[in-house]
Number of protein chains: 4
Amino acid sequence: MNAPALADVQAGADARGVAVARAGIAGLAAPVAFADAGGELHQCLAQVTAWVAVPAAKRGAHMSRLAEAVGAWKDGEISLAALGAWAAARRAEQDSPAAGVEVAMTWLLARPAPASGRPSWLDYQVVAAATSTADGEELTAAVEVPVTTLCPCSKEVAAAGAHSQRSLLRAKIAVADAAACGIAALAGQLEGCASARLDAVLKRDDEKAVTEGAYARPRFAEDVVREAALLLTEAGHARWKLRVRNLESIHNHDAFAEASSEAQG
Amino acid sequence: MNAPALADVQAGADARGVAVARAGIAGLAAPVAFADAGGELHQCLAQVTAWVAVPAAKRGAHMSRLAEAVGAWKDGEISLAALGAWAAARRAEQDSPAAGVEVAMTWLLARPAPASGRPSWLDYQVVAAATSTADGEELTAAVEVPVTTLCPCSKEVAAAGAHSQRSLLRAKIAVADAAACGIAALAGQLEGCASARLDAVLKRDDEKAVTEGAYARPRFAEDVVREAALLLTEAGHARWKLRVRNLESIHNHDAFAEASSEAQG
Amino acid sequence: MNAPALADVQAGADARGVAVARAGIAGLAAPVAFADAGGELHQCLAQVTAWVAVPAAKRGAHMSRLAEAVGAWKDGEISLAALGAWAAARRAEQDSPAAGVEVAMTWLLARPAPASGRPSWLDYQVVAAATSTADGEELTAAVEVPVTTLCPCSKEVAAAGAHSQRSLLRAKIAVADAAACGIAALAGQLEGCASARLDAVLKRDDEKAVTEGAYARPRFAEDVVREAALLLTEAGHARWKLRVRNLESIHNHDAFAEASSEAQG
Amino acid sequence: MNAPALADVQAGADARGVAVARAGIAGLAAPVAFADAGGELHQCLAQVTAWVAVPAAKRGAHMSRLAEAVGAWKDGEISLAALGAWAAARRAEQDSPAAGVEVAMTWLLARPAPASGRPSWLDYQVVAAATSTADGEELTAAVEVPVTTLCPCSKEVAAAGAHSQRSLLRAKIAVADAAACGIAALAGQLEGCASARLDAVLKRDDEKAVTEGAYARPRFAEDVVREAALLLTEAGHARWKLRVRNLESIHNHDAFAEASSEAQG
């Protein structure tokens, strides 16, 4: 009844001649069931960013349609491949040169504690993203895994002990084959690039194992991104970005290192 | 010209019979020159919270007057004592049963690095606050100092090494004598309650000293608040709250401990 | 094998004479299925804080036991009543004078959009908490609901329009009867205390309804907490705290108001 | 005495064959006096990121030297041009293919309120950055200015009123001529691209002016970046990125728009 009378301002023309690369919504909470290629289904409340490009001649994006299309996810699974199709559908729906989506989630890796075998787990961040243009789709996956780093310099110069800290290792990869990209498996491998992995439950024998293990494997931030770069390359990933950030225990600032496939060779 | 014609909605009556304990503004950025009792003048951009109580019969607070009165600080110094007077003035100005202000700042402790003597510094958080009621004024000072903690259990059980992490130690005290309360001096003392202090610049000989020093002084979160409690008590503070939060290097969650003067003997 | 040889440092004695009110873990991610009294089961990844009191004579808390006991939640439902029992069990397990737990979650309220009836939803924050002492248990529930506020003063003085903004309304209640405390229902009621509720999907006819509705219901921050105070009182809650924070659209600071049952009468 | 005996681990060789694009420090607090080309000196506590590239054959960066060189700022002014020279000096000092620095600061724009003329101000974020490579230096300046946006669609469809919200407009520009780049002046101009500017102090006649002004100037997120794009182009900036984020008052998610010089014609 009402709708015909209400002007569609966003659909109007624009005379300013400026193309808008992305217009959309960010921070939209949405319940998702994300199917990882590794086989697991991750149920979580995601934070979603969704957008379309707005050509110079058009006034604006239809943002409510983006939110509606996110809302439809609650009736089924999504996956990297599904996000690519979803972005393509938004592009068609809004007759836009480009569209995209980013889904930020917290996942859990469950595993026994290192010595006691008690049930333990690690929570880590995942961002699955897709972009659709006339040239096709681009899929990316990013994981941020918290780890321990123990400082090689501190170990070398001190008579006893060495400072350690929690560090955040982030890897972002271009996904060539969505059906083969196991994001949780990648997160588990990345944990091995630092001095030690983290666990939610550590009994005394676990704490002994973790402490001694980290002391035996000192790693600078630079070392961690290098180990991770070798891991990604061996796994066949051609385009990647890495960043590690150490919440330094001896400073009130952080140390960081970054590497990317572009800067190699 | 205009003003007489514009209704003062906030000054109206309210029939709902509910007293509003605090109505005001939060997150107001303001340049301050804060005079600490220790003698230093701290120039910084503060985040200010300011409020008045609104009795049940009155509609609302005049929030713009609070912002105006904060704006007047840029022409001079403030201090704990001045904040008490400022709150009393706001209470009078708005004919309110109570008024208050909180000033959150980042300060710097400058000092030589522990071994090399190179200039180094620590940034830490300070909150100075005042409340004015018919019963008088109440002044409080809070500091949050980042430190290192090294785990006593990890040291005990491991053949070599011990995990350490950055920790945040917060102390809040009721200020009995504003003229005698040196906030920066208190922050410097609190640093001594943990396994090691932090510095912005640490050369290799400093890192050796800090690493060995922390290994010789393992501290649980519980230990840190206990040491701080003894320090505050010895300094004559009668009412205090303490909290330490360890950014655990072996977990993706934090450990914490809290103590207060109320909960003692 | 190993365990008997590993010293239990936390179980040792302490000579400093300082009681630690709370020692525990914070920011622990845990998958929960929370059963609200309203009947719904909320599946989400919670952030958990868990603690015990440490008497003056004892060295420290057994933090890994807290994490283990949180880990056990994944095999079943929790609820306000269950949290009370859980805290009591931790108190007994660590022979402590007090223990407690806080579970922070994001929930979704699903409902049709106001005019179009399209499926829409609101995400809001919930904190369920329990404390156990020799005197018994104390349960609390807190919800933070985002809403719209439209400024009564702006509407009054302007020839057309009135500024509005997103606001966050937080209510914390002492729970007398866990079996009767519907947290999601409370959140839905609190939405009605502001100028308008928020929705994830608003088509043009919805936007018309929401805009006109908010313009017809201007609310200061003080109004919102007063409306909420009346609502809580009518619902029979005896002890409560309220806070609203307006992300002011005409300032770069926020406006806020707070009220509590203590400050009434 | 000590130093000769302490191994320089970072200076060692690395056999893994992975180049590290950036290794350095982030979140370092430092007092700065930043000289803007507009003539003003901005005294503030900056958050500094500083880094060098680490070639494949070298183990790591000397991070403490970066912190030391930041510490030297407290004795004088810095500026965009000075940051370029500083980055070049770090590159030389660590014999690195590249070095860079980012200085994040909060500045204040002071001005009279729009109708009353009362002293008011706006706090906004500035990031000044420099990169040095064998190809020369690259300087950038970014500002994030909070503004008001009033929704054109809401105004169009509603019989009265229109929703508005606080929005954050960010512009990042490549600086061709550091001596001519007035960052505070740019921030002031960007405020004009939205529905209204923000002020810390607004009396009733100011609130009338701001409310009516915003109602007369509705702007979508897309409109704001387009206006800003025209402004930057007219000011002669050849390379820029723009982003606006609306803290939507009718949703619990944000709306955003982005544009860049690259994506134009």
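Residues numbered from 1 in each chain as written. Chains lettered and ligands numbered in written order. Predicted model: local features only at pLDDT ≥ 70, side-chain atom pairs only at ≥ 80, totals over all residues. Heavy atoms only, no water.

Caption draft 1: Spatial organisation of unusual backbone geometry. All names here are of chain C. Unusually for a residue other than glycine, D95 sits at a positive phi of about 50 degrees. Following the sequence through the fold, D95 ends up in the loop between helix 2 (80-93) and strand 3 (98-112). The exposed category is assigned to D95, whose relative accessible area is 67%. (Helix = DSSP H or I, 4+ residues; strand = E, 2+ residues; numbered from the N terminus. Buried < 20%, exposed > 50% of the residue type's maximum accessible area, 1.4 Å probe, protein only.)

Caption draft 2: How the structure looks around the interface of chain D and chain A. The partner chain A presents 52 residues to the 52 residues of chain D that form the contact. Its largest share of buried area at the contact with chain A, chain D owes to R16, R226 and F256 of chain D, together 18% of the area lost on that side. The partner of R59 of chain A in a salt bridge is D223 of chain D, and the shortest N-O contact between them spans 2.8 Å. Seen at the junction of chain D and chain A, the total is 30 residue pairs in polar contact (both at pLDDT 80 or more). Sorting the residues of the side of chain D that touches chain A by element identifies strand 1 (20-35), strand 2 (41-54), helix 3 (152-157), helix 6 (221-234) and strand 9 (254-260) of chain D as the ones contributing at least two each. Here the side of chain D that touches chain A takes nine residues from strand 1 of chain D, the largest share from any one element. (Contact = heavy atoms within 4.5 Å. Buried area = accessible area lost by both parts, 1.4 Å probe. Salt bridge = Lys/Arg side-chain N within 4 Å of Asp/Glu carboxyl O. Polar contact = N/O pair within 3.5 Å; in protein donor to acceptor, adjacent residues only side chain to side chain.)

Caption draft 3: Layout of the relation of the copies chain D and chain A. When chain D is fitted onto chain A, the two copies agree to an RMSD of 0.0 Å after a turn of 180 degrees and an axial shift of 0.0 Å. Both chain copies can therefore be described as sitting about a two-fold axis. Relative to the rotation axis, the C-alpha of E262 of chain D is the closest in chain D, positioned 10.0 Å from it. Comparing contact sets, 100% of the residues at the interface of chain D also lie at the interface in chain A, consistent with an isologous, same-surface contact. (Least-squares fit on C-alpha atoms with pLDDT ≥ 70 in both.)

Caption draft 4: Structural context of the packing of aromatic side chains. One pass over the structure, following the stated rule, counts twelve aromatic pairs over all chains. On the basis of an interplanar angle of 75 degrees and a centroid distance of 6.4 Å, the ring pair of W107 of chain B and Y124 of chain B is categorised as edge-to-face. Residue W107 of chain B is found in strand 4 (residues 98-112), and its partner Y124 of chain B is found in strand 5 (residues 119-133); the two are separated by 17 residues along the sequence. In this structure, W107 of chain B and Y124 of chain B share a single accessibility class: buried. A connected cluster of aromatic rings, assembled from ring pairs, spans F34, W107 and Y124 of chain A. Above the ring of Y215 of chain A, the side-chain terminus of K155 of chain A is found at 4.6 Å from the ring centroid. (Phe/Tyr/Trp six-rings, centres within 6.5 Å; stacked < 30°, edge-to-face > 60°. Lys NZ or Arg CZ within 6 Å of the ring centre and 35° of its normal.)

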